[in-house]
Amino acid sequence: MLLISPAVLFIGVLVGIPLVLAVYLSLTDATAGSLTGKWVGLSNFTQQIHDPIFRGALWHTFLFTVISQAVVIVVAGLLAHALVRSFRGRWLLRFFILLPWAAPVALTAIGFLWFYDPQASIFTWFLVHLHLVSKLNPPNWLGTPNAAMSSIITVQAWRTIPFATVIFLAGISSIPQEVDDAAAIDGATGLRKFWYVSLPLQLPIAIVAVLFGIVFTATDMVVPYILTNGGPFNSTQVLTTWAFQTGINAGNVGQGAAIALFMLPVLAVVVVGMLFFARRAEVT
Amino acid sequence: MTGTWRHKAFAYAVVVPFAVLLAFPFFWMAVTSLKPEYQVYDPTKVWSFHPTLASYGYLFHHTGYLRWIRNSCLVGFAVVLITLAVSMPAGYALARLSGRVGRSLGVGIFLTYLVPPTLLFLPLSRVVAQYLHLSDRLWALIVIYPSFTIPFAIWLLMGFFKSIPQELEDAALIDGCSRLGALVRVVFPISVPGILTVVIFTFSLVVNEFVYAITFISSSTNRTLTVGVPTDLIRGDLFNWPGIMAAILIPSIPLALVYNAFLNRFIAGFTGGAFR
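Just so it is clear, the model here is predicted, and its values are computed rather than measured.

### Concerning the overall build of chain A
Check the secondary structure of chain A and you find 13 helices and zero strands. Written out in order from the N terminus, the α and β elements of chain A read α-α-α-α-α-α-α-α-α-α-α-α-α. Summarising its shape, the C-alpha atoms of chain A cover approximately 70 × 65 × 30 Å along the three principal directions. Sequence separation of at least 24 residues holds for 70% of the intrachain contacts in chain A that already meet a minimum separation of 6.

Okay, here's the thing in structure tokens:
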């Protein structure tokens with residue numbers, strides 16, 4: 001117990017207290033420069049709920065998370081099943097696949113700012129040469145609402161695929177060889193074996209990886225902040241960027257804290273899910 | 001034998017295209033970083049140009065880049081030290097605590113890792129400015145970062161310590177070691193690879209961090225890598241694209257190499273904490 005107390009103390013002070021403070025601030029009209037403000041009850045929350053920008057942010061957070069993580073599940077699932085086999089060049093290919101996860105995302109997101117550049121986008125160059133888009137009317141990747149949303153979702157999927165792949169891979173490798181052999185003797189092959197044998201066994205670990213992806217996407221600020229900062233016309237505004245703009249840039253700390261607290265329900269659901277599946281994984 | 005051949009073909013057919021897709025941005029960054037600045041926008045010079053290292057020179061001599069790297073490393077080392085000092089004993093204790101209490105406590109600590117910086121940055125920004133008086137100081141980051149590195153490190157270390165058999169320690173105790181002696185002389189030395197993994201991944205979490213760094217640090221000389229590049233290398237609307245690409249590649253490649261080298265240990269610790 002003595003050995004754990006410094007850790008508990010550290011976490012309590014640096015996570016627990018700010019969390020309580022966030023709830024307190026959200027109930028006041030605190031502004032930049034003062035930690036206290038007048039008690040305003042739930043008015044910050046009601047004001048936000050009636051704000052169309054906030055409603056948009058809620059919806060965009062949902063889209064951003066669900067679409068990017070759906071792509072991640074499919075791609076990472078495929079990759080993990082392929083990477084579990086041994087083949088020549090595996091080390092180099094795995095290195096390539098890990099790159100987006102290892103590199104600092106705040107920096108790689110700036111790289112995408114260049115790849116999406118309206119005049120010199122390399123993606124546009126490819127599409128023009130494939131005759132998919134016209135040279136005279138190139139897509140404005142970050143400048144029009146739908147394209148901007150797709151662009152930030154792409155980057156988020158790109159950077160979470162490696163982590164999911166790695167954890168899925170761990171799930172597949174944890175299945176004992178005997179299970180594989182038994183399935184083979186019983187005549188289970190290909191998709192049937194995957195559906196009835198491999199998938200259920202690796203599911204708990206895979207779900208934990210997916211829940212991770214959901215938390216880190218729903219609460220992430222870096223990709224939208226750097227690529228669009230919520231624009232154009234708030235079309236990519238998510239909870240985190242809106243909380244930052246309201247709380248830091250506009251100095252409206254109470255409102256900002258209220259916006260950020262809307263992330264708590266997502267967290268709660270994920271936490272319950274994780275506890276549930278972590279226990280399942282232990283049993284198998 | 002045709003079975004294994006088909007297996008390999010499937011592996012290549014899936015892995016090669018995705019590896020190319022995932023790595024392509026880095027390839028294109030490298031190409032851009034070698035272009036002379038006046039040619040980056042020229043559509044006829046997409047592939048053919050005179051490669052130059054001018055952007056790298058510009059980055060090192062005319063910007064705060066080296067200073068930001070130094071700041072990031074400084075914060076990284078300090079945070080790694082604090083994290084190890086706090087989480088090694090805790091991780092060990094949690095690995096040896098049997099029963100429900102130890103397990104729940106371990107999971108509880110881990111869950112705090114999920115509380116995102118985007119939820120805490122507003123109250124923390126007030127705390128940093130008014131109570132700690134650390135606005136715009138690297139110390140602010142050194143104090144705050146352990147809030148997410150400690151839960152992460154405890155989780156990994158717990159996984160590693162669990163894989164060390166209890167008998168080994170008992171043997172040391174019988175040989176006359178004290179409990180602490182057994183820990184320092186037997187358990188920690190065998191865990192060196194695990195601890196090294198924690199050092200690397202903690203360091204990279206720190207280098208990656210963005211939200212706190214942009215909230216707490218305001219002057220150019222105190223910026224860390226992730227904040228310096230997006231704010232200072234962009235002057236007004238003037239982007240020095242080759243220089244920015246170079247600035248992204250320089251830290252990314254070594255980080256990717258160590259990730260690749262320590263990946264298996266990371267997975268063992270990460271899944272071991274929960275699933276063993």
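There's plenty left to go through after this.
### Here's the deal with the overall build of chain B
Of the regular secondary structure elements, chain B holds 13 helices and two strands. Across its three principal directions, the C-alpha atoms of chain B cover 75 × 70 × 35 Å. Out of the 276 residues belonging to chain B, those deemed buried represent 46%. Sequence-distant contacts, at least 24 apart, represent 75% of the contacts inside chain B between residues at least 6 apart.

### Quick look at helix α12 (residues 225-232) of chain B
Of all eight residues in α12(B), six are buried, a share of seventy percent or more. Residues Leu225(B), Thr226(B), Val227(B), Gly228(B), Val229(B) and Pro230(B) constitute the buried set of α12(B).

### Quick look at the interface of chain A and chain B
Chain A puts 70 residues into the contact, and the matching count from chain B is 74 residues. Ranked by residue count, the leading element in the side of chain A that touches chain B is helix α1 (residues 5-26) of chain A, at 11 residues. Looking at side-chain class alone, the side of chain A that touches chain B contains 60 nonpolar, seven polar and three charged residues.

### Quick notes on the environment of Ile11(A)
Inspection of the secondary structure puts Ile11(A) in helix α1. Not counting residues up to four positions away in its chain, the partners in contact with Ile11(A) are Gly16(A), Ile109(B), Thr112(B), Ser147(B), Ile150(B) and Pro151(B).

### Topic: unusual backbone geometry
Within the chain, Phe233(A) stands out as a residue other than glycine whose phi angle is a positive 55°. In this structure, Phe233(A) sits in the loop between α10 (222-227) and α11 (239-249). Phi is positive for His133(B), which is not a glycine, with a value near 50°.

### Considerations on the confidence of the model for chain B
Mean pLDDT for chain B: 84, with 94% of residues reaching 70 or above. Interface scoring of the predicted complex returns ipTM 0.86; its pTM is 0.88.

### Thoughts on the nonpolar core
In summary, soluble globular proteins display a tendency toward joint burial of nonpolar side chains. In this structure, Ala109(A) and Ile154(B) are the most contacted members of the largest nonpolar core, which totals 160 residues. Ranked by residue count, the leading element in this core is helix α7 (residues 145-173) of chain A, at 13 residues. Discounting residues that sit within four places of it in the chain, Ile154(B) has contacts with Ala7(A), Ser87(B), Ala90(B), Gly91(B), Leu94(B) and Ile109(B).

### What about the packing of helix α7 (residues 146-162) of chain B against helix α10 (residues 192-208) of chain B?
Packed helices, taken two at a time, are described by their axes: the angle between them and the distance between them. Residues and elements named next belong to chain B. Closest axis-to-axis distance for the α7/α10 pair is 10 Å, and the angle between their directions is 160°. Here α7 is positioned roughly antiparallel relative to α10, judged by the angle of their axes. Between α7 and α10 lies a crossing of right-handed hand. Listed contacts from α10 to Phe 148, Thr 149, Phe 152, Ala 153, Leu 156, Leu 157 and Phe 160 of α7 are Gly 194, Thr 197, Val 198, Thr 202, Leu 205 and Val 206.

### Looking at helix α8 (residues 177-185) of chain A
With respect to burial, α8(A) is a largely exposed element, only zero of its nine residues being buried. Once α8(A) ends, the next one or two residues include Gly187(A), with phi positive near 85°.

### Observations concerning the environment of Ile174(B)
All names here are of chain B. Structurally, Ile 174 can be placed in helix α8 (residues 166-174). Among the residues examined, Ile 174 registers 9 C-beta atoms within 10 Å and is labelled exposed. For Ile 174 and Tyr 58, which are 116 residues apart along the polypeptide, the C-alpha to C-alpha distance reads 63 Å.

About the criteria used
Residues numbered from 1 in each chain as written. Chains lettered and ligands numbered in written order. Predicted model: local features only at pLDDT ≥ 70, side-chain atom pairs only at ≥ 80, totals over all residues. Helix = DSSP H or I, 4+ residues; strand = E, 2+ residues; numbered from the N terminus. Contact = placed C-beta atoms within 7 Å. Buried ≥ 20, exposed ≤ 12 C-beta atoms within 10 Å, placed from the backbone. Nonpolar A, V, L, I, M, F, W, Y, C, P; charged D, E, K, R; others polar. pLDDT = per-residue confidence, 0-100. Core = buried A, V, L, I, M, F, W, Y, C linked by C-beta atoms within 7 Å. Axes fitted to C-alpha atoms, helices over the stretch in contact; angles between N-to-C directions. Parallel < 35°, antiparallel > 145°, perpendicular 65-115°, else oblique. Left-handed = near helix turned anticlockwise from the far one by under 90°.

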